[in-house]
Amino acid sequence: MLFVLGVGPIVIASAGVAVTPPPLQTPPPPHPAAIARTIASLQVEGAQRFEAETVLSYTKLRVGQAFSNETLDQAIKDLYASDLFADVSISGAETGAIVLRVRENPIINRVLFEGNKRLKEDKIAKEVKLAPRQIFTRTAVRQDVARIVELYRRQGRFAAVIEPKMVSLDQNRVDLVFEISEGPKSQVRQINILGNTIFPDSKLREQMATKAVRLKTMLSSNTSYDQDRLAYDQQKLRQFYLTEGYADFKVISAVAELTPDKKDFIITYVIEEGKRYTFGDVTVDSDIRDFDNKRVAANLGITKGEWYNAKRVETAVDSLSAAAGALGYAFADVNPDFQRDKDTLTMGINFHIAEAKRTFVERVDINGNTQTQDKIIRREIRLAEGDAFSNFQVKRSQDRINSLGYFQDKFEIKQTEGSAPDRVVLTADLQEKSTGELSLSAGYSSLEKFIIQASITQRNFRGKGQELRASVSYSTYSKSVELGFTEPYLFNTNIALGGDIFRRDYRSYNTIGDSTTTTYKQVSTGFQIRAGLPLNEYWTASARYGLSYEQVSLDQATYYTNGVCDVALAGSYLCDAIGNRWTSSIGYSFIFDSLNNRLHPTKLAPVDQPGLCRGGRRHALSAVDHRRGEILGAGLGLRAQRAGRRRPYHGHRAGCAADRPLLPGRPAIARLRHSRGRAACHPPIL
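Residues numbered from 1 in each chain as written. Predicted model: local features only at pLDDT ≥ 70, side-chain atom pairs only at ≥ 80, totals over all residues. Heavy atoms only, no water.

Enquirer: I'd like to hear about the state of the cysteines, residue by residue, with values.
Expert: Applying the stated criterion across every chain yields a total of one disulfide. Note that Cys-565 is cross-linked by a disulfide to Cys-575, the S-S spacing being 2.1 Å. An S-S torsion of about -65° defines the bridge between Cys-565 and Cys-575 as left-handed. Taken together, the positions of Cys-565 in strand β28 (residues 564-565) and Cys-575 in helix α13 (residues 572-577) put the pair ten residues apart, joining distant regions of the chain. Given the relative accessible area of 16%, Cys-565 is considered buried. (Disulfide = S-S within 2.5 Å. Helix = DSSP H or I, 4+ residues; strand = E, 2+ residues; numbered from the N terminus. Buried < 20%, exposed > 50% of the residue type's maximum accessible area, 1.4 Å probe, protein only.)

Written out as structure tokens, the structure is:
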């Protein structure tokens, strides 16, 4: 081997082979752009709103600093990146006297919208970021256009086109105009389902919220395409199959294709139904010592051999959680362990209730009651600070607060962890609603002429839970005035006291020609006092006393003969009724009420531990009302009434207005009136 070393590159060659080293190459001369130059001076031209120093602050150019073409290019990029300038150029690079020529972006004078009919301007303005007195930039305009397009897409208008236009004004100002072509609403033309063999397409489409455009769905808003609704429909399909026993069901794909004209969508679902399962062994494994696992498992309402139903599993979990809460374990963790056997197509379930500590109420927070006093709400809550937590008592407290009618419907008491693992905080977030009622009515009758009725009721007077009511009616034949007041908690005790005063004037006229004669007149004036005392959570005892003074008279010229009422003209009933009399009455009632809401009952309140009923059915008495009335006076009249109903509970609406308790509210109490040894039943006066 021959090694030749020299100044030039190393050349290695084999023996017997001549190798000629490559000629030396001289480097090319430097490009003019790479030659460093120095900035002799800096000048800014074209700036109107900004000072020259402000413009230069966005660049790295400084007098006396070396620069190159790359430096100038970076300065132009930095000025454009500031979004303050519409055009930038640099000159004087040859001599070092750098001149920056800029054209500032205009200021927005107004932002206008044209062509929007389906969406109000205020809704679109909330999505647009550009506003008057801001700097106009094309980037910001493109972003606002994208926001408006997305807003229309959420409304189902995928053919909407937004074209921004700029109207130049003096002093470098512009009006920004968004010209909107809304286009038709994109609707669902067709829903295709692939892979289903058990259920027909029509059955599956019934489960979906999205509907295809048909004659019967033309007025429905669900025919428009909504991406969120598409995800919801997939969940609905899964829920349907799981409740029918198909535990392996899954949605493989869901594709929504927009037609070329952007008017309609075609949705295609590809599903896999799988096999149908039955329930296997259902057991309960509880780490809480108070639970009888076998007894609880036998009363969950799930039977081995029945078709699997995920809804019944969820109900069982809720029932076990409620049962644990009734025993004082507020945060009991119930986990169903599914044991799927694909060979026998059975689904065994073991409900494991993790060990939990007995929980106590740390405090009760009440929020949102601006008018109603705290004590009005707290006296309906069946748990206080320091009490052992009970889910049953929490449910009962919710029902009692809902029965007041002072707050929004479906109110719930929230449970959060307290300062320690065995402490729970109950929070009542309330939203008050109007408790006043005003009723005005007027009419005209050829018999009674003008008829006017007015009534006003305040069910939460002064925010103290008191009820105040007044009513007035007037017509040619009858006039009446009634006032009533009820205090549900007298002196902050669990005693209700109420009263009513009334005056009713009824007259009958006989018109002959132009003369009008009063033929019959009855005036009743009186009052009633009632009191109620709850015996326990469901039983209430009440008593009432009423006193009235009645004056009945007949026209002597029409019905009298020789100064005596003529039975042949007036009848024995009217002749016997003539005169003035006092009527004194007393009565009592016993009422059992287990409705969850006295105003709008939807189910019976539970009277046993929730979730432990047999066969999923629960029986309870909705209402029992035993009443007895007596007349004190010249004679004696008695009336006793007992009403009760045993109803199976299916979770549907139960109860009626007649089942409501005496206090607070207006009970349907029959009034007995004694008339010369006879007792007559009259309509309720409350």
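Enquirer: Could you give me a rundown of unusual backbone geometry, with the residues and numbers involved?
Expert: Unlike most non-glycine residues, Asn-172 shows phi in positive territory, near 55°. Following the sequence through the fold, Asn-172 ends up in the loop between β9 (161-169) and β10 (173-181). At Asn-562, a residue that is not glycine, the phi angle is positive and equals roughly 55°. Given a relative accessible area of 78%, Asn-562 falls into the exposed group.

Enquirer: Lay out the pattern of salt bridges in plain terms, naming residues and giving numbers.
Expert: Pairing between side chains of opposite charge can happen when the charged atoms of each approach one another. Taken as a whole, this structure holds 28 salt bridges when the rule is applied. Arg-189 is paired through a salt bridge with Asp-264; the nearest N and O atoms lie 3.1 Å apart. A residue pair is termed long-range when its members are at least 10 positions apart, and Arg-189 in strand β11 (residues 187-194) and Asp-264 in strand β13 (residues 264-272) qualify at 75 residues. The buried category is assigned to Asp-264, whose relative accessible area is 18%. Residue Arg-312 pairs with Glu-306 through a salt bridge whose shortest N-O separation is 2.8 Å. Since its relative accessible area comes to 28%, Arg-312 is described here as partly exposed. (Salt bridge = Lys/Arg side-chain N within 4 Å of Asp/Glu carboxyl O.)

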